[in-house]
Amino acid sequence: MVRLHIGDRIGRRYVLILTLLLVGGATFLIGFLPSYATMGVAAPVLLVLLRLVQGFGAGAEYSGAVIYAVEHAPPNRRGWFGSWSPMGVSLGTLMAAGVFALVSLLPEDDFLSWGWRIPFWLSIVLVAVGMYLRLHLAETPVFNQARQRRDVLRMPIRHALATQPRSFVVVIGARFAENGLGYLFPTWSISYLSGQLDYSKTTALVAVTIATCAQFVMVPVWSLLSDRIGRRPVYAGAAAFCVLFAFPYFLLLNTKSTPLVILAMAAAVGIGVAGMFGPQAAYFTELFGPRVRYSGFAFARELGSILAGGPAPFLASLLLVWAGGAPWAVAGYMAVLAAISVAAVLWGPETYKNDILAEPDQGSSRAQPEVARGRA
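Bear in mind that the values here come from a model prediction, so they are computed numbers and not experimental data. (Residues numbered from 1 in each chain as written. Predicted model: local features only at pLDDT ≥ 70, side-chain atom pairs only at ≥ 80, totals over all residues. Heavy atoms only, no water.)

Draft legend 1. Spotlight on helix α16 (residues 312–322). For α16, every residue scored as buried is listed here: Ala312, Ala316 and Leu320. All buried residues of α16 lie within an arc of 70° about the axis, which places them on one face of the element. For α16, exposure combined with an orientation more than 90 degrees from the buried face picks out Phe314, Val321 and Trp322. Packing partners of the buried residues in α16 comprise α11 (165–196), α15 (293–308) and α17 (328–347). One or two residues past the end of α16 sits Gly324, with phi positive at roughly 70°. (Buried < 20%, exposed > 50% of the residue type's maximum accessible area, 1.4 Å probe, protein only. Helix = DSSP H or I, 4+ residues; strand = E, 2+ residues; numbered from the N terminus. Arc of directions from axis to C-beta. Contact = heavy atoms within 4.5 Å.)

See the structure below:
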């Protein structure tokens, strides 16, 4: 939570530098971890610790990148500017899959002994490039304005919870479909296809790769559309598509026809998940006022991840066992996740024409902000 405060207290730029060091440094160091045979139980303990450092950084990394882009965007292009971060997630996934596919061509003994380390070592190149770029970034005009007014809060999360509880609920609810189905449609489906239907795991991975390509292409499309007609209709429409597509999705997978499996995954991810993931960047940024934007966005978004994405694979597997291997309970679970997001987004305000420099109307709230003194 402290790192979220930093984004609202000392600036968006500094957190982008800090999170890159955390995520990139931990990723690079994983490549040097000794094996269990060398260090015993200390090896997996170190791995868990480094993964925790990655997680601490990644939670604020995405929010910071999105906010930085959106706060620099022209008012009518915030969806497009915000889409570059989710596009980066898709591109990063494809690059990682490609690198691991290449090193997996090594003889099995070489891959297990040292080959698996290569992708982690290569991450230092991305860290170096990213650090160079971020050290030359200017702070966002939104944060600079708050700092010039000496309007930086001491406890932005507490102030956000007191004054903008509706925004927290909308973000958390909106994450149920995007994050939960973002795991279930592409990732969990691989285990369903290979474990339940005896479908080729290699072909399933190819289908997921094509679906990720569809997400990369469609994220900017949906984001640009949200700049024209609003965040709510695009986001809620994509979530409603997931409600309707949950059962047909499994009907297509159960055919075990490769073209139909690819079609199912590409539609689910390219229309459903991308239709939420794209506009989400600008939407969540616009929901919070400038003084609490980083803290509110990141805290609510990560809490939504814990509630939605965290238990999704486990619950889906449990439902599959409970239903005797039939996928219909899982389809129902997917539909419920999507319906929660539809309700949350429709309950929330439309934001695409908001002035993101202005503080939101706080209604009758009596919460008084604690301003951090001594900041110019």
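That shown, we press on.
Draft legend 2. View of helix α14 (residues 258–287). Under the 1.5 Å per step criterion, the end-to-end length of α14 is 41 Å for 30 residues, consistent within 8% with the ideal 44 Å. For α14, the principal kink sits at Gln280 and spans about 45°. (Expected span 1.5 Å × (residues − 1). Bend = angle between axes of the 7 residues up to and from the residue.)

Draft legend 3. Spotlight on the packing of helix α13 (residues 231–253) against α17. The interhelical angle for the contact between α13 and α17, taken along N-to-C directions, is 170°, at an axis separation of 8 Å. With respect to α17, the element α13 is oriented roughly antiparallel. Contacts between α13 and α17 involve Arg232, Tyr235, Ala236, Ala239, Ala240, Cys242, Val243, Ala246, Phe247, Phe250 and Leu251 from the first element and Trp328, Val330, Ala331, Gly332, Met334, Ala335, Ala338, Ala339, Ser341, Val342, Val345 and Leu346 from the second. A breakdown of the residues in the contact of α13 with α17 according to their chemical character gives 20 nonpolar, two polar and one charged. (Axes fitted to C-alpha atoms, helices over the stretch in contact; angles between N-to-C directions. Parallel < 35°, antiparallel > 145°, perpendicular 65-115°, else oblique. Nonpolar A, V, L, I, M, F, W, Y, C, P; charged D, E, K, R; others polar.)

Draft legend 4. Up close: a nonpolar patch on the surface. Together, Tyr36, Met39, Val41, Val45, Leu46, Val48, Leu49 and Leu52 make up a nonpolar patch on the protein surface, roughly 740 Å² of accessible area in all. Going through the elements one at a time, α3 (36–39) and α4 (42–71) are the ones with two or more residues in the nonpolar patch. Looking at the nonpolar patch, the element that brings in the most residues is α4, giving five residues. Here Val48 is to be found in helix α4. (Patch = residues over 30% accessible without salt bridge, like charges linked within 9 Å, V, L, I, M, F, W, Y side chains within 5 Å. Areas by Shrake-Rupley, 256 points an atom, 1.4 Å probe, with all protein chains shown as cover. Salt bridge = Lys/Arg side-chain N within 4 Å of Asp/Glu carboxyl O.)

Draft legend 5. Fine view of the packing of aromatic side chains. By the definition in use, this model includes 18 aromatic pairs. Look at Phe168 and Phe288: their rings are 5.4 Å apart centre to centre, the planes differ by 80°, and that puts the pair in the edge-to-face class. Of this pair, Phe168 sits in helix α11 while Phe288 is found in the loop between α14 and α15, placing the two residues 120 residues apart along the sequence. You'll find Phe168 and Phe288 in the same group, each marked buried. One aromatic cluster is present, formed by Phe185, Trp188, Tyr192, Phe241, Phe245, Tyr249 and Phe250 through successive ring pairs. Across the ring face of Trp347, the terminal group of Arg166 is positioned such that the distance to the ring centre comes to 5.5 Å. (Phe/Tyr/Trp six-rings, centres within 6.5 Å; stacked < 30°, edge-to-face > 60°. Lys NZ or Arg CZ within 6 Å of the ring centre and 35° of its normal.)

Draft legend 6. Region of the structure containing the packing of α11 against α14. Between α11 and α14, the shortest axis-to-axis distance is 10 Å and the interhelical angle comes to 155°. If you check the angle between α11 and α14, you find them roughly antiparallel. Viewed along their axes, α11 and α14 form a crossing whose handedness is left-handed. Across the contact of α11 with α14, the residue classes break down as 18 nonpolar, four polar and two charged. (Left-handed = near helix turned anticlockwise from the far one by under 90°.)

Draft legend 7. The pattern of salt bridges, seen in detail. Scanning all chains against the criterion turns up five salt bridges. In this structure, the salt-bridge partner of Arg78 is Glu286, at a minimum N-O distance of 2.8 Å. Taken together, the residues Arg78 in helix α5 (residues 78–82) and Glu286 in helix α14 connect sequence positions 208 residues apart. Across the pair Arg301 and Glu302 runs a salt bridge, and its minimum N-O distance is 3.3 Å.

Draft legend 8. Spotlight on the side chain of Gln215. Tracing the sequence through the fold places Gln215 in helix α12 (residues 201–229). At 2.7 Å, the side chain of Gln215 and the side chain of Ser90 are in polar contact. The residues contacting Gln215, other than those within four sequence positions of it, are Ser90, Val269, Gly270, Val273, Ala274 and Phe277. (Polar contact = N/O pair within 3.5 Å; in protein donor to acceptor, adjacent residues only side chain to side chain.)

Draft legend 9. Highlighting the confidence of the model for the chain. For the chain, the average pLDDT comes to 82, and 85% of its residues sit at 70 or higher. Confidence drops under pLDDT 50 across residues 362–369; counting only partners more than four residues distant or on other chains, this segment forms twelve contacts. Considering only residues more than four positions removed or in separate chains, one finds that residues 371–376, a stretch of pLDDT under 50, has 19 contacts. (pLDDT = per-residue confidence, 0-100.)

Draft legend 10. Expanded view of the nonpolar core. By size, the foremost hydrophobic cluster in this structure holds 77 residues, and its most contacted members are Leu181, Leu184, Phe185, Tyr249 and Phe250. Secondary structure elements with two or more residues in this core: α4, α11, α12, α13, α14, α15, α16 and α17. Sequence-distant contacts of Phe250, defined by excluding residues within four places in its chain, comprise Trp188, Tyr192, Pro327, Trp328, Val330, Ala331 and Met334. Membership of the second largest hydrophobic core comes to five residues, among which are Ala26, Leu33, Leu50 and Phe120. (Core = buried A, V, L, I, M, F, W, Y, C linked by side-chain atoms within 4.5 Å.)

Draft legend 11. Fine view of unusual backbone geometry. A positive phi angle, near 55°, is found at Asp198, a position not held by glycine. Mapping Asp198 onto the fold places it in the loop between α11 and α12. Asp198 sits in the exposed class, given a relative accessible area of 69%. Notably, Lys256 is not glycine yet its phi reads approximately 60°, a positive angle. Along the polypeptide, Lys256 turns up in the loop between α13 and α14.

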